[in-house]
Protein chains: 2
Amino acid sequence: MKIAIMGFGVVGSGAYEVAKLAGGIEVKRILDLKVRPGYEDVAEKFTTELSDITGDTEIELVIEAMGGIDTPREFVLACLNAGKHVVTPNKNLISACYKELTECAAANDVSLRYTPSAGGAIPWLFNLARTKRCDNITEIRGIVNGTANFILDAMHDKGADFAEVLKEAQELGYAERNPSADIEGTDTLRKTVISSNIAYDAAITEDQVPCYGIDTIKACDIDWFKANGYTCKLMMKSKRNDDRLAVCVEPTLFAQDKLEANVKANYNLITLVADNAGPLAFYGQGAGSRPTGQSVISDVVDIRDAVEMKAPSKAGDITVDNSELRKYYIRHDRMCEHIEPMIESFEEKDGIFFCISKPIAVSEMHAMAQHRKEKGREMFFASIE
Amino acid sequence: MKIAIMGFGVVGSGAYEVAKLAGGIEVKRILDLKVRPGYEDVAEKFTTELSDITGDTEIELVIEAMGGIDTPREFVLACLNAGKHVVTPNKNLISACYKELTECAAANDVSLRYTPSAGGAIPWLFNLARTKRCDNITEIRGIVNGTANFILDAMHDKGADFAEVLKEAQELGYAERNPSADIEGTDTLRKTVISSNIAYDAAITEDQVPCYGIDTIKACDIDWFKANGYTCKLMMKSKRNDDRLAVCVEPTLFAQDKLEANVKANYNLITLVADNAGPLAFYGQGAGSRPTGQSVISDVVDIRDAVEMKAPSKAGDITVDNSELRKYYIRHDRMCEHIEPMIESFEEKDGIFFCISKPIAVSEMHAMAQHRKEKGREMFFASIE
């Protein structure tokens, strides 16, 4: 099978290398602004013209690994409309344009795959679809952002503060220069949207999902967690109850003997719960050149070998409903009339309040945090598992 | 697709129930000695005659869930030769007759699937085959026996002795009346053989794999593990180094912050390590009616939908070589001239020796334990991860 790769950065070049191992896959064209150093011997494959790919009838499949939304959206639509299958690890694109792209692929009778868009090397979305064919998925949850996990793990290990650990993560290549999507939870949010839509045949959008990241966590929070036997992880959470979906992204405290609590460094752990199978969890590297490249090529080989997961669609109207009650840890700097009624118990130390909430609605907790953020008040919260 | 089920016990009836959810699968015949209570309304499906299945041209696929080796082997061969696909969760059969059955299926141009034979509900073997298509598997390892894990977990939790916990496991249905295959490690051994043969395109047999179970573990061992920060798990281990395969079944001590150490009750956790993907782990229920039934039906749907994992076969001559050096915990009741030279340090308490070995070959450790067993001496060992 002859294929093309659009975007030859970390993941695009990783997929190129893995394709050699798979056999039977020839990368005919690479779309990028310039030849990547180390690839001068295949310089003739490189092009800056999309038409060199869409107009080449030998190319059956295109990997989109450019990143971003607008240009990849335009290029992927062009490829699908030219009758080419598409594989993409681009979560921003799939989360934002899921409906439009899947409909375009269907209209052109070609495949669109995006297993690596949530979970990196982990065959999470593939197995979610495979399980769904003969089971009813009731819940999905997981650690899906390696950067946030690396930072939390290092803070737990070393007792260091957020900024210091973030800097180390950037130096090691585990965090980007602009880490906002990872630390504010929006990367996790996108993977939550993608996974939920597959798990429940839904079409939820990013703006429907409350999202709280780890950018305001401090060493004093970690100290409290450790003293109380907890480990903090940034979690995707999505639980179905008939036509209601409780879905959010939030930091969560786990007892130290839970699987989640023992996911180290930049690793991911993603779980589905199904009526028959019970819980099934998947663990591995959520990012990286070769790991994600391997997942990209696994999708390519699936398309080549006509491996399809045809789940019976039971799409119904699903309403986001975050009225579920949970207990929260809340750290803040002033006991005011908004917070006091929510609190079950607290400790004060050097003017900082470490609180355990009464059971409160997820939506209420996230709204309160949003309100405090807008007011410029210091706080951090995490649900208690 | 019309199918038949041979053997209507725990897994056979579980598969029957899950098939209803999948849709498009009709169980036409059930082979068993008698109608299972609760299924009188479909009594006409039951038969005791294999020819009612092999001679029925409408039946395209047969699930074998009888257990054992000799009769299922004969019946499965008859079904394959009658041009029917076969799905089986029977690890005893697949481990013992892998080569014969896969060759018979190939000769008849039908599929033989056995994903649930290792890992129960966990799509372990499926993902092992999917990963292998574009990656090089270098290692597989895992907790694959739920009964042994339940016993070890309960001993760690309660400090109770082996016999007491085994009795409780039997009462709860987590252990069979004759638990020898689970506690002596032979069930784990079979899953090791099946997984290794798929991972490495090998054809190793049960007698090539050193196997040590947990039937001689005592509360005093657990006390020592806890005092030293370890948790004990019964592990399948299989690591490839070019044409050499280090493969065994043995109890293993993990630091308490490792994923394996936090696998509770009767759950399984199975890991592959591949050149590109790195480590990928899979967690879930390794047994049970609905969980295993779901995995059986997932294989059935794969066959119906022509989902095939065609890995390029790179089969080579693989030699079992257990000369790898490991450190072991050894508990025994007499310091003799066989053991003393192997020991790096030890504590003695009430005439019992708790020892840490020098790095010694896996084959040497297992041979020594076998020798002690034949002599009727008390001991237990576990490798230290």
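The structure under discussion appears in the preceding block.
Just so we're clear, the structure is a prediction, and the values are computed from it rather than from any experiment.

## Description of the overall build of chain A
Part 1: Across its full length, chain A holds twelve helices and 18 strands.
Part 2: In terms of overall dimensions, chain A is globule-like: its C-alpha atoms have a radius of gyration of 22 Å, near the 21 Å expected for 385 residues.
Part 3: Projecting the C-alpha coordinates of chain A onto the three principal axes gives extents of approximately 70 × 45 × 35 Å.
Part 4: Relative to its full complement of 385 residues, chain A shows a buried share of 59%.
Part 5: Taking contacts inside chain A between residues at least 6 apart in sequence as the whole, the part at least 24 apart equals 70%.
Part 6: Looking at chain A as shown, the accessible area adds up to about 14,900 Å², and 46% of this sits on carbon and sulfur atoms.
Part 7: Separation between the mean location of the 44 positive side-chain charges and that of the 59 negative ones in chain A comes to 2 Å.

## Some details on the nonpolar core
Part 1: Grouped together as the largest cluster of nonpolar side chains are 193 residues, with contacts concentrated most on Trp-124, Ile-217 and Phe-225 of chain A together with Trp-124 and Ile-217 of chain B.
Part 2: Dropping the residues within four chain positions of it, Ile-217 of chain A is found in contact with Leu-152, Met-155, Asp-161, Phe-162, Ile-222, Phe-225, Cys-232, Arg-331 and Phe-380 of chain A.

## Let's talk about the side chain of Asp-135 of chain A
Part 1: As for its placement among the helices and strands, Asp-135 of chain A is situated in the loop between α5 (124-132) and β7 (137-143).
Part 2: Buried charge Asp-135 of chain A goes without a salt bridge, the closest partner of opposite sign being Arg-290 of chain B at 7.0 Å.
Part 3: Polar contacts involving the side chain of Asp-135 of chain A include one to the main-chain amide nitrogen of Ala-277 of chain A, which spans 2.8 Å.
Part 4: Within the structure, Asp-135 of chain A has its side chain in polar contact with the side chain of Gln-294 of chain B (distance 3.2 Å).

## Details of the pattern of salt bridges
Residue and element names in this part refer to chain A.
Part 1: If you walk through the whole model with that rule in mind, you get 58 salt bridges over all chains.
Part 2: Two residues, Lys-20 and Glu-17, come together in a salt bridge whose shortest N-O distance is 3.2 Å. Of this pair, Lys-20 and Glu-17 both sit in helix α1 (residues 10-22), separated by three residues, roughly a single helical turn.
Part 3: A relative accessible area of 57% places Lys-20 in the exposed class.
Part 4: Between Lys-158 and Glu-168 there is a salt bridge whose closest N-O contact spans 2.8 Å. You can see Lys-158 sitting in helix α6 (residues 146-158) and its partner Glu-168 sitting in helix α7 (residues 162-171), a full ten residues away along the chain.
Part 5: Here Glu-168 falls in the partly exposed class, since its relative accessible area comes to 25%.

What counts, and where the lines are drawn
- Residues numbered from 1 in each chain as written.
- Chains lettered and ligands numbered in written order.
- Predicted model: local features only at pLDDT ≥ 70, side-chain atom pairs only at ≥ 80, totals over all residues.
- Heavy atoms only, no water.
- Helix = DSSP H or I, 4+ residues; strand = E, 2+ residues; numbered from the N terminus.
- Rg over C-alpha atoms; globule rule 2.2 N^0.38 Å.
- Buried < 20%, exposed > 50% of the residue type's maximum accessible area, 1.4 Å probe, protein only.
- Contact = heavy atoms within 4.5 Å.
- Areas by Shrake-Rupley, 256 points an atom, 1.4 Å probe, with all protein chains shown as cover.
- Lys, Arg positive; Asp, Glu negative; His and termini not counted.
- Charge placed at Lys NZ, Arg CZ, Asp CG, Glu CD.
- Core = buried A, V, L, I, M, F, W, Y, C linked by side-chain atoms within 4.5 Å.
- Salt bridge = Lys/Arg side-chain N within 4 Å of Asp/Glu carboxyl O.
- Polar contact = N/O pair within 3.5 Å; in protein donor to acceptor, adjacent residues only side chain to side chain.

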